[in-house]
Structure formats: C-alpha cells, structure tokens
Amino acid sequence: EATSFVGRARALADLHALIADRPLLTLTGPGGTGKTRLALRFASDALERFPDGVFFVDLAPLSEPAGVSSTAVAALGLREEPGRAPDDTVVDFLRRRSVLCVLDNCEHVLDAAAALAAAILRTCPAARVLATSRELLGVPGEAIYAVPPLAVPDLSARTADPDRLLQNDAVRLFVDRAA
C-alpha cells in the first residue's frame, strides 16, 4: 500500500464474517467511499485463509464488457487458448482451488462481471469472490456490504479540541493525506 490504511476495523471484521458464509460478497457504495481500498486490505488480511492465492482483477480500465473474462485470465497468470472461451479457462483453473478472486470496479461492465462471478460460484466450490461496485451484481447468493463514507465529527461546538478531532477516522485520513 502506498498510503496508510485508516479506520474500517469494524468493516474488516464484518467482511471476514460474511465471506465465511457466502461465496460472493459485493462491496457497494458511492464513488470515493473506499470500496477498492477496503477490498485490497481485506484481501491482504485474508491471504492465509486462501492457500491457493488471492487474485485482483482490475476492471476499471475496461471500456467493453467483453474484456472482463480476458482480464481475469491475465490476472490469474494464465494465457487465453484459441477457440476456448476465457470464462472456461478461468473456471477450469479455479475449480479445485481455495482462492479469493477480487473483481474491482464492476459497475460499468456489470453483466459480464456478474456472469463471471456466477460461473465461478457454480463450478468452483472452494473459491470466493469479493466484488466492488456501485451496483449489485444480482447473482443468487450474493451478500451485500454497503461501504459508508467515514463519519465526520460533530463540529457544532464553537471550538474543537484538535486532539479529540484526531481520534476521528475521517479527520485522521484527511490529515494523513494532507501530510
């Protein structure tokens, strides 16, 4: 991580509990709330839990939904095979593996990301998918975690104690990034 991770301890605990029971967990919320950052921290924390690996599939640069499966193939370190659907390459690789696959920024390629997640869930019983999106994937069995913005302190008092303000996660994040 290029910058420090601030707050979200409760969210991380919630995510660990949710993914234990559900094979697909989608982090939702408006842009800028920290969905990707939370997913990356969760994935890092979960490395020991997934002995066959944690894979990050960055969908943000895609302009066409057709690139979702090919991007996943590349993220898994695989090569596409002529005449074979990239989805098949992905699920064949993951079929007997205990992995976490992070599908990041799904909203602009939602149907293709949902189809890939559904294929993984259908054929890879030990795999888990963590998705980030402004919208739900709509896949049966999907667990949803709404990532709220960090709460700001109550500034209704005329004076604010700087030490108390620095105990607030939003203020700490602002100060950290400003520094």
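Before reading on, note that the structure itself is shown above.
Summary of the structure given here. (Residues numbered from 1 in each chain as written. Predicted model: local features only at pLDDT ≥ 70, side-chain atom pairs only at ≥ 80, totals over all residues. Heavy atoms only, no water.)

## Comments concerning the overall build of the protein
Secondary structure summary: the protein contains seven helices and five strands in total. In the protein, buried positions account for 41% of the 179 residues. In the protein, the share of contacts with a sequence separation of at least 24, taken over all contacts with a separation of at least 6, comes to 72%. Of the roughly 9,700 Å² of accessible surface on the protein, a fraction of 53% belongs to carbon and sulfur atoms. (Helix = DSSP H or I, 4+ residues; strand = E, 2+ residues; numbered from the N terminus. Buried < 20%, exposed > 50% of the residue type's maximum accessible area, 1.4 Å probe, protein only. Contact = heavy atoms within 4.5 Å. Areas by Shrake-Rupley, 256 points an atom, 1.4 Å probe, with all protein chains shown as cover.)

## Brief notes about the sheet that holds strand S2 (residues 54–58)
Strand order in the open sheet formed by five strands is S2-S3-S4-S1-S5, and the pairing between neighbours is parallel. Looking at which strands have only one partner, the edges of the open sheet turn out to be S2 and strand S5 (142–146). Averaged over all pairs of adjacent strands, the angle between their axes in this sheet comes to 20 degrees, without regard to strand direction. In terms of strand pairing, strand S3 (residues 100–104) meets strand S4 (residues 128–133) through four bridges, oriented parallel. Across the sheet, Leu 103 pairs through a bridge with Ala 131, a residue of S4. (Pairing = 2+ DSSP bridges. Axes fitted to C-alpha atoms, helices over the stretch in contact; angles between N-to-C directions.)

## Things to note about helix H3 (residues 68–75)
In an α-helix, one turn spans 3.6 residues, which is why side chains three or four residues apart end up on the same side. For H3, the complete set of buried residues consists of Val 68, Ser 69, Ala 72 and Val 73. All buried residues of H3 fall inside an arc of 140 degrees around its axis, so they share one side. Where H3 is buried, its residues contact S2, helix H4 (86–94) and helix H5 (110–123). (Arc of directions from axis to C-beta.)

## What to know about the pairing of S4
When a strand is regular, its side chains alternate between the sheet's two faces. Most of S4 sits out of view: six of its six residues are buried. Taking every second residue as pointing to the same face, both faces of S4 are buried, with Arg 128, Leu 130 and Thr 132 on one and Val 129, Ala 131 and Ser 133 on the other. Across five bridges, the pairing between strand S1 (residues 24–28) and S4 is parallel. Note on S4: the bridge partner recorded for Leu 27 is Thr 132.

## Here's the deal with the pattern of salt bridges
One pass over the full model with this rule turns up four salt bridges. The partner of Arg 84 in a salt bridge is Asp 92, and the shortest N-O contact between them spans 1.7 Å. Of the residues examined, Arg 84 reaches a relative accessible area of 27% and is grouped as partly exposed. Linked through salt bridges whose partners overlap, the residues forming this network are Glu 81, Arg 84, Asp 92 and Arg 95. (Salt bridge = Lys/Arg side-chain N within 4 Å of Asp/Glu carboxyl O.)

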